[in-house]
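Structural overview
Residues per chain are reported as follows:
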Amino acid sequence: MKKLIVGNWKMNLDVSQSSLYVAKLADKIQMRRDVEVVLCPSLLALQPLSLQVNHRQFKLGAQNCYWRDSGAFTGEVAASMLRGLAQYVLVGHSERRHVFGETDRDIRFKVEAVLRNSMWPILCVGETSFDRSEGDTVHVLNDQVVSGLLNVGSDEISEVVIAYEPVWAIGADKPATTEQAAEAVDIIRTQVSQLYGKSAGQSIRILYGGSVNQSNTKSFLQTKGIDGLLIGGASLNAEQFSEITNLAYEITKGET
Ligand code: PGA
């Protein structure tokens, strides 16, 4: 299956730095049919990058959006404004949930808005270390999946990507074990199956994210149920990020 490698630059790289960085990546990353590479720069850099990138080499993603199409929402950017610039939008990243207080309601409206505007939402879910220590991981994941998908129809579920990102693993140099990731992905697939049927549960694309780097890429991508990676820190390093995409390619080659 095609692997999806998503780089989340977070609040790093201004417009000119983004352009230079993409030029560097373009030299390093080969176009591979079986690996889809998505770059999520700052919102400001999206527009210039959409003109710069070869869209067969890189897809673009936004890190956030607002769900209304227009109106008095100072400081926000609507999903409808991203249409044509981005193919993917991260929704409900743990930093949005925990630093900016996004609620399940915000997140489900955003998922719906992204779909309405013909882009792929990447719905991020994951438990905190407290949830895990309390034995609440299953509940938290199920709640976030059910709630995030509440407005998604059965004809739209195939256009959703889910990213499992344990909050304690993000930016922490402390990745989940592949067993923990496999278990969480299985919980998510089971929940999607319950909501939309078995084949939706099997085919929905699920990413792992949290302290991914070139040394753990292979083991995550070889873990059953994981279709790709959501990468923060390591996506800002051209050597690391290109190596990660090469490893993804090697794995897809091995599968065929
Ligand atoms: P990290 O971030 O790779 O730096 O842990 C992942 C993310 O926040 O998506």
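Located above this text is the structure these notes cover.
Residues numbered from 1 in each chain as written. Predicted model: local features only at pLDDT ≥ 70, side-chain atom pairs only at ≥ 80, totals over all residues. Heavy atoms only, no water.

1. Focus: the site of the ligand
Rule in force here: If even one non-hydrogen atom of a residue comes within 4 Å of a molecule or strand, that residue is called near it. Here a polar contact means two N or O atoms within 3.5 Å. Within protein one must be a hydrogen donor candidate and the other an acceptor candidate, and residues neighboring in sequence count only if both atoms are side-chain atoms. Residue-level accessible areas treat just the shown protein chains as cover; the underlying method is Shrake-Rupley with a 1.4 Å probe. Ten residue types, Ala, Val, Leu, Ile, Met, Phe, Trp, Tyr, Cys and Pro, are classed as nonpolar, four, Asp, Glu, Lys and Arg, as charged, and the remainder, Gly among them, as polar.
Taken together, 13 residues sit near the ligand, with Lys10, His93, Glu165, Gly171 and Ser211 positioned nearest. The separation between an oxygen atom of the ligand and a polar side-chain atom of Glu165 is 2.7 Å. Gly232 has a polar backbone atom sitting 2.8 Å from an oxygen atom of the ligand. A total of 280 Å² of accessible area belongs to the ligand in isolation, and the protein chains cover 95% of it. Tallied by class, residues from the shell around the ligand come to four nonpolar, seven polar and two charged.

2. Section: the pattern of salt bridges
To keep it simple, the criterion reads: The salt bridge criterion pairs a side-chain nitrogen of Lys or Arg with a carboxyl oxygen of Asp or Glu, the two atoms within 4 Å. Starting at the N terminus, helices and strands are each numbered in turn, a helix being any DSSP run of H or I of at least four residues and a strand any DSSP run of E of at least two. Burial classification: accessible surface area is computed with a 1.4 Å probe over protein chains only, and a residue below 20% of its type maximum counts as buried, one above 50% as exposed, and the rest as partly exposed.
Inspection of every chain in the model, using the stated rule, returns 10 salt bridges. In this structure, Arg116 and Asp69 form a salt bridge, with 3.4 Å as the shortest nitrogen-oxygen distance. Separated by 47 residues along the polypeptide, Arg116 in helix 5 (residues 104-116) and Asp69 in the loop between strand 3 (59-62) and helix 3 (79-82) bring together distant segments of the chain. In this structure Arg116 comes out as partly exposed when scored by relative accessible area, which is 42%. Taking the relative accessible area as the measure of exposure, Asp69 reaches 40% and is therefore partly exposed. Close ionic contact of Arg96 with Glu102 constitutes a salt bridge, the shortest N to O distance being 3.0 Å. A residue is classified by how much of its surface remains accessible, and Glu102, at 10% relative accessible area, is buried. A cluster of three or more residues bridged by salt bridges with shared partners is formed by Arg96, Glu102 and Lys110.

3. Notes on the sheet that holds strand 8 (residues 228-231)
Quick note on the threshold: Between any two strands, pairing holds if DSSP finds at least two bridges. Orientation is described by lines fitted to C-alpha atoms, with helices fitted over the stretch in contact, and by angles between N-to-C directions that extend from 0 to 180 degrees. The contact rule is simple, with two residues in contact once any of their heavy atoms fall within 4.5 Å.
Strand order around the closed barrel formed by eight strands is 1-2-3-4-5-6-7-8, with parallel pairing between neighbours. Mean inter-strand twist for the sheet, computed between neighbouring axes without regard to direction, equals 25 degrees. With six bridges connecting them, strand 1 (residues 3-8) and strand 2 (residues 35-40) associate as parallel partners. Among the inter-strand pairings, Val6 is bridged to a residue of strand 2, identified as Val38. Lying on the sheet, helix 11 (residues 238-255) is in contact with strand 1, strand 2 and strand 8; it crosses strand 1 at an angle near 170 degrees.

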